[in-house]
Amino acid sequence: MKRLCILSLSMAFLLMGCNGGKPSGADTGKPVSAGDTLQAAADTAANASTQTVAVKTKEQLAEDVAARVREIYDAVIETYTPDATGADLSKARLDERFCSDDWLAALHAVMEKDEGLDGEIGFFEADYWVMGQDFQDLKAENIKVVSLSPDEGKATATLDWHNCGNVTKVMVSLVFEHDEWKIDELTDRTHGDTGWKADMKAYAK
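A quick note: this is a predicted structure, and the numbers were derived from the prediction, not measured. (Residues numbered from 1 in each chain as written. Predicted model: local features only at pLDDT ≥ 70, side-chain atom pairs only at ≥ 80, totals over all residues. Heavy atoms only, no water.)

1. Observations regarding the sheet that holds strand E3 (residues 166-177)
So the rule is basically this: Strand pairing is defined by DSSP finding a minimum of two bridges between the two strands. Only DSSP runs of H or I with at least four residues qualify as helices, and only runs of E with at least two residues qualify as strands; both kinds are numbered from the N terminus onward. Axis definition: a line fit to C-alpha positions, over the contact stretch in the case of helices; interaxial angles, taken between N-to-C directions, run 0 to 180 degrees. By definition in these notes, contact holds between two residues if any of their heavy atoms fall within 4.5 Å.
Read across the open sheet, the 4 strands follow the order E1-E2-E3-E4; overall the sheet is antiparallel. The open sheet terminates on both sides in strands that have one partner only, identified here as strand E1 (139-149) and strand E4 (180-188). Direction aside, the axes of adjacent strands within the sheet are offset by 25 degrees on average. As paired elements, strand E2 (residues 154-163) and E3 share 10 bridges and run antiparallel to each other. From the neighbouring strand, Asp 160 faces E3, where its bridge partner is Lys 169. Relative to the sheet, helix H3 (residues 58-80) contacts E1, E2, E3 and E4, its axis offset from that of E1 by approximately 145 degrees. Against the sheet, helix H5 (residues 101-114) touches E3 and E4, its axis set at about 50 degrees to E4.

If you want it as structure tokens, here you go:
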């Protein structure tokens, strides 16, 4: 009797050993060879190699630039629109958030030069964000990307800027730095072709 139990246990272990050699998930009755395992690994690698990073087209980049210009001018309108506590005229916040390093350097040079003035107006007789001295009923319309050079990180957009019932054609030149599009020049195309940054640099010489 004892011998019969030992024999039964031995057969059970042999059966478990045969089944235990089969990889998890293998079909019953189908042997799995080393070739099957290598083929599965090759298929996995092939699938992984096809998962490449999508590159944006020029049209998609232009849409990004237009959306960025819209974001900037929405922030301008929000900044200059009075609310219950009055208008938040934080030009410095807009400059730091949306302008290029070169623009900020030119602005700093102008401010340094104007520090020595005694009661004089200085360079800024108008505000480049609203394209005027006063502001009311601000709105940006017809934003269009007219040039785009992804390799150089440069773009140009135009828009119609509404302020105090007047419409100004504005050209916005942008550069891609610090992982986002920044304003590098603002030009009032209605009243002249010289940009604000160019005028600031000429003044600060």
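2. Examining the layout of surface pockets
A water-sized probe, rolled over the atoms, reveals where empty space remains. In plain terms, the rule: Each cavity reported here is a set of points on a 1 Å grid over the protein atoms alone in which a 1.4 Å probe fits but cannot get out, each pocket an open set with protein on both sides within 12 Å along at least five of seven lines, and each lining residue one with an atom within 4 Å of a point. Grid points are joined across faces, edges and corners, and a volume is the space filled by probe spheres set on the points. All amino acids are sorted into three groups, where Ala, Val, Leu, Ile, Met, Phe, Trp, Tyr, Cys and Pro are nonpolar, Asp, Glu, Lys and Arg are charged, and the leftover types, Gly among them, are polar.
Estimated volume of the largest pocket: approximately 230 Å³. Taken together, Phe 123, Phe 124, Glu 125, Ala 126, Met 131, Gly 132, Gln 133, Asp 188, His 191, Thr 194, Trp 196 and Asp 199 make up the lining of the largest pocket. Its residues placed into classes, the lining of the largest pocket shows 5 nonpolar, 4 polar and 3 charged.

3. Some words on the environment of Ser 173
On the secondary structure map, Ser 173 appears in strand E3. As for Ser 173 and Asp 184, which are separated by 11 residues in sequence, their C-alpha atoms are 5.5 Å apart. Sequence-distant contacts of Ser 173, defined by excluding residues within four places in its chain, comprise Ala 155, Thr 156, Lys 182, Ile 183, Asp 184 and Glu 185.

4. Topic: the packing of aromatic side chains
Aromatic ring pairs are reported here in terms of the distance separating the ring centres and the angle at which the planes meet. Rules: For Phe, Tyr and Trp, rings pair up if their centres lie within 6.5 Å, where Trp contributes its six-membered ring, and each pair is then called stacked (planes under 30 degrees apart), edge-to-face (over 60) or tilted (otherwise). A 1.4 Å probe rolled over the protein chains alone gives each residue an accessible area, and that area as a share of the maximum for its type sets the label: buried under 20%, exposed over 50%, partly exposed in between. For a ring to carry a charge above it, either NZ of a lysine or CZ of an arginine must fall within 6 Å of the ring centroid while also lying within 35 degrees of the normal to the ring plane.
In the structure shown here, the tally under the stated rule is 11 aromatic pairs. When the ring of Phe 124 is compared with that of Tyr 128, the centres are 5.8 Å apart and the planes differ by 55 degrees; the resulting orientation is tilted. On the accessibility criterion, Tyr 128 (1% relative accessible area) is buried. Counting every residue linked through ring pairs, the aromatic cluster contains Trp 103, Phe 123, Phe 124, Tyr 128, Trp 129, Trp 196 and Tyr 203. Taking the ring centre of Phe 124 as reference, the NZ or CZ of Lys 91 above it sits at 4.9 Å. Positioned over the ring face of Tyr 203 is Lys 113, at 4.6 Å from the centre of the ring.

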